Amino acid sequence: MPNLRFFVLFLDFNLARAEFEPPAITDDITGFMDFSRFGLENIVKSTANSEEIELEGVFSHELSQVLFTDQIDGILYRNGPGKFEFGNDSFNHLFDPSAILSATRIKDGKVFFRQEFVKSGNFETNNDANSIIMPEVGTYAEPETITKDEFGNPHRERKVIRKRRKFLLEEGLSTDNTVVNVIQVAGYLMSLTDSSYRHLHDPETLETLHRIDINSSPNIPEGIFCMTTSSHPVLDRETGDLWDVAGCLDFLENEYNIPQTHIYPVVWRGVGLPRSNYSTPWTAEKILQSIEFGPEIDSPPVPGHVSAMPYFHSIASAGKYLILPVGGTVLDLMPMLTKAIRKKEPMINQLKFIDTAPARFLIFDRESMTWEAVEPMAEAFSHFHVINSFIDSDSQIFIDIIEANPNVMSSLSMDKIKSTRDEYLETWSSIIPSGKPVRFVLTKRNENFLQWADKHVNPGITPSLKFPCFDNGGIDFPVLNTANYGKEYKHYWTAGFGELLADRVYYVNLETGERKIYRVANYHFSEPVFLSLKTELANENQGVIASTASPLDSSDRAFIVFLGAGSMNEIARFYFPENFIVPVSFHGIFYKTEELN
């Protein structure tokens, strides 16, 4: 009776004696504003490609070893910055370093790790030049040919402006450094960022095989250029359709020669089924042909910023609806292009939070392929990540997000991350809380949504003086049990910020209002990832949480920690070799072996 045996083990595991210090933490007072004396330099270092290596496992108890061996089988993929410099040039912002993919394979109680750089066009160009010559979001760069001829003589200013404008419009305006997220697509892994580019990778070796640009789809509407997309598309698990939203420019001539900005729903038909559904991976051409564009909608107007395009990092899905929260963060396109051409300013300088207009929720009906006439509004807010969204029995849409401090993006410049203690404290103080959970309720009456959304702060959380860092330091990178996305849910896990970058992991039980924490001093913790078990259980918090721990002290070893999802007690740590550099990462996802074969 393997299911019963596992259930007994799972219950006993919570009572097992852990051998680590601390085995569990009941509050997060310890460590709040207790900044590491080592700084953050050790987790913003370049790493390297790695063939598969076996990690050294240490289990908290023999029961946890049985649990791990019997119930966890699959691969955890992660994406994030991996190369922070080329030659003598360094990137200026945390979102800019070249992406590196990692695969953590878990089999028979053992853990194997490999990583591989994403061979983007930007990576290859910079690597060949041994210098940063391709611009990123927070780093302006360009080839020397923009300012000098083949003999090294400087061009006239007029020619420099003309060549720089051409370079930006044709190559440099939208990065192909897919550094943010990773998902399974049509037999491949696909790495993503907020631009129009995607890369397809071999799921075993992580080798970069193809570059996809949605602007190359044969189905793209005539006359537009899509500049931005979401890094968190929504998967319909039944059909395999992958839904996204794109911010696009229409360069049709107008009186002021200012491109119009539109938003398009985008669906990649049938690409998101488990890999076993594809006898062979699709060709890149077939994937591009699968992309369909829905009807456009004008970008919500921003007073005083006629060329502003909403910035969005994630979208929501509830029932038949796709929802794009337009909070107030925009890319001001004309100043961005003008200042890049004239002053070589990076794009991030024109990423602005503007609160003079209300936030809006743009709602798309996926069944009728139409936009809802009413766009519910709320007070302007900044955000990156949606926790979850769902529809209740009264047809209300609930959207839970992490409302972010508008200063977060500028605080992640490398000079601030590596600053002295006083400067670091000033930066950290300017962004806390870095993020807080907020719920918006969109109510329908007489077939139309009401004009204003209801807002609830800290939904489902019981106030407690034991959690000052959760409330005052902030949270972000929320994850759920994968099976509960788009449904009513009771549990989520998230990274916590007692430093400028995450240094703890939280568990939030919306049913009871309680919170739990995991933290080890002088370590950075990546986004938590929920690992589904072989034996499916009724409760959505019965699983395992994994997070990569990168040491702030270079003499310590990096490790991957596995936690009981409901208890936050350690099951095991798997250590990397001495001096193996594991830098900060962004997002990850776990696939069970049955979803990979």
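Cut-offs and rules
Residues numbered from 1 in each chain as written. Predicted model: local features only at pLDDT ≥ 70, side-chain atom pairs only at ≥ 80, totals over all residues. Heavy atoms only, no water. UniProt positions renumbered as here; feature names shortened; annotations may be inferred. Helix = DSSP H or I, 4+ residues; strand = E, 2+ residues; numbered from the N terminus. Rg over C-alpha atoms; globule rule 2.2 N^0.38 Å. Contact = heavy atoms within 4.5 Å. Areas by Shrake-Rupley, 256 points an atom, 1.4 Å probe, with all protein chains shown as cover. Lys, Arg positive; Asp, Glu negative; His and termini not counted. Charge placed at Lys NZ, Arg CZ, Asp CG, Glu CD. Buried < 20%, exposed > 50% of the residue type's maximum accessible area, 1.4 Å probe, protein only. Pairing = 2+ DSSP bridges. Phe/Tyr/Trp six-rings, centres within 6.5 Å; stacked < 30°, edge-to-face > 60°. Disulfide = S-S within 2.5 Å. Polar contact = N/O pair within 3.5 Å; in protein donor to acceptor, adjacent residues only side chain to side chain. Arc of directions from axis to C-beta. pLDDT = per-residue confidence, 0-100. Axes fitted to C-alpha atoms, helices over the stretch in contact; angles between N-to-C directions.

In the nomenclature of an unreviewed UniProt entry, the chain corresponds to Dioxygenase from the organism Oikopleura dioica. Annotation of the chain in UniProt includes, under Sequence similarities (unreviewed entry), the sentence "Belongs to the carotenoid oxygenase family."

Participant: Just checking my understanding: could you explain the overall build of the chain for this structure?
Facilitator: Within the chain one finds 11 helices and 41 strands. A globule of 597 residues ought to have a C-alpha radius of gyration of about 25 Å, and the chain, at 24 Å, matches this closely. If one aligns the C-alpha atoms of the chain with their principal axes, the spans along those axes are about 75 × 65 × 55 Å. Look at the contacts in the chain between residues 6 or more apart in sequence, and 65% of them connect residues 24 or more apart. Carbon and sulfur atoms form 48% of the exposed surface of the chain, whose accessible area is close to 24,600 Å². Computing the positive centroid from 53 side-chain charges and the negative centroid from 81, the chain places the two 3 Å apart.

Participant: Looking at this structure, I do not really get the pairing of strand E33 (residues 491-496). What am I missing?
Facilitator: Remember that side chains alternate between the two faces of the sheet whenever the strand is regular. Most of E33 sits out of view: six of its six residues are buried. Pairing geometry for strand E32 (residues 475-479) and E33, over three bridges, is antiparallel. Note on E33: the bridge partner recorded for Val479 is Trp493. Where E33 and strand E34 (residues 504-509) come together, six bridges link them in antiparallel fashion. Looking at E34, one finds that Gly496 is bridged to Arg504.

Participant: What's the story with the packing of aromatic side chains in this structure? I'm lost.
Facilitator: Describing an aromatic ring pair means giving the distance of the ring centres and the angle of the ring planes. One pass over the structure, following the stated rule, counts 34 aromatic pairs. Relative to Tyr424, the ring of Phe35 has its centre 5.4 Å away and its plane inclined at 85 degrees; by these criteria the two rings are edge-to-face. In this pair, Phe35 sits in the loop between helix H1 (2-13) and strand E1 (50-54) while Tyr424 sits in helix H9 (residues 421-431), placing the two residues 389 residues apart along the sequence. The pair formed by Phe35 and Tyr424 is uniform in burial state, with each residue classed as buried. Measuring from centroid to centroid gives 4.9 Å for Phe68 and Phe562, while their planes differ by 75 degrees, and the two rings are edge-to-face. Placement of Phe68 in helix H2 (residues 62-71) and of Phe562 in strand E39 (residues 559-564) is noted, with a sequence separation of 494 residues between them. For Phe68, a relative accessible area of 0% puts it in the buried group. Within the aromatic cluster, the residues linked to one another by ring pairs are Tyr518, Tyr523, Phe525, Phe559 and Tyr575.

Participant: Help me understand the state of the cysteines, please; the structure alone is not making it clear to me.
Facilitator: By definition, a disulfide links the sulfur atoms of two cysteines through a covalent bond. With the rule as written, the count across this model stands at one disulfide. Between the sulfur atoms of Cys226 and its disulfide partner Cys248 the distance amounts to 2.2 Å. Between Cys226 and Cys248 the disulfide shows an S-S torsion of about 85 degrees. By sign, it is right-handed. You can see Cys226 sitting in strand E12 (residues 224-229) and its partner Cys248 sitting in strand E14 (residues 242-250), a full 22 residues away along the chain. With respect to burial, Cys226 and Cys248 carry one shared label: buried.

Participant: Any chance you could explain the UniProt feature "binding site: Fe cation" (unreviewed entry) in the chain here in plain terms?
Facilitator: UniProt feature "binding site: Fe cation" (unreviewed entry): in the numbering of this structure it lies at His232, His313, His385 and His587. What stands out for the annotated residues spanning 356 residues is how close their C-alpha atoms remain, the widest pair being 12.3 Å apart. Examined against the element boundaries, His232 turns out to sit in the loop between E12 and strand E13 (234-235). In this structure, His232 is in contact with Asn181, His313, Ser314, Ile315, His385 and His587, ignoring residues within four places of it in sequence. A distance of 3.4 Å separates polar atoms of two side chains, one belonging to His232 and the other to Asn181. Discounting chain neighbours no more than four positions away, the residues touching His385 are His232, His313, Ser314, Ile401, Ile402, Asp476, Phe477, Pro478 and His587.

Participant: Just checking my understanding: could you explain the environment of Gly39 for this structure?
Facilitator: With respect to the helices and strands, Gly39 occurs in the loop between H1 and E1. As a C-alpha pair, Gly39 and Asn522 span 483 residues in sequence and 8.9 Å in three-dimensional space.

Participant: Please clarify how helix H3 (residues 121-129) should be interpreted in this entry.
Facilitator: Residues three or four positions apart in an α-helix share a direction because the helix packs 3.6 residues into each turn. For H3, the set of buried residues is Asn122, Phe123 and Asn126. Down the axis of H3, the buried set is contained in an arc of 100 degrees. They therefore lie on one face. Taken together, the buried residues of H3 touch strand E3 (74-83), strand E4 (85-86), strand E6 (98-107) and strand E7 (110-117). Just downstream of H3, Asn130 is the residue with a positive phi angle, here 50 degrees.

Participant: Sorry, what's going on with the environment of Val245 here?
Facilitator: Tracing the chain through its elements places Val245 in strand E14. In this view, Val245 contacts Thr228, Thr229, Ser230, Ile263, Tyr264, Phe312, Ile315, Leu322 and Leu324; residues no more than four positions away in its chain are not counted.

Participant: Explain the confidence of the model for the chain to me, please; I cannot follow it from the model alone.
Facilitator: Segments scoring low in pLDDT should not have their predicted coordinates read at a detailed level. In this model, the chain carries a mean pLDDT of 91, and residues with pLDDT of at least 70 account for 94%. The model gives residues 11-23 a pLDDT under 50, and that stretch makes 27 contacts with residues more than four places away or in other chains.

Participant: Just to check I follow, could you spell out the sheet that holds strand E21 (residues 329-332) for this structure?
Facilitator: Backbone hydrogen bonds hold the strands of a sheet together, and the pairing may be parallel or antiparallel. The strand order across the open sheet formed by three strands is E18-E21-E22, and the pairing between neighbours is antiparallel. Of all the strands in the sheet, just strand E18 (308-310) and strand E22 (351-353) have a single pairing partner and so form its edges. Put simply, the sheet's adjacent strands are angled 40 degrees from each other on average, direction ignored. Across three bridges, E21 lies against E22 in antiparallel orientation. The residue bridging Leu331 from the neighbouring strand is Leu351, located in E22. Running at roughly 45 degrees to E21, helix H6 (residues 333-343) makes contact with E18 and E21 of the sheet.

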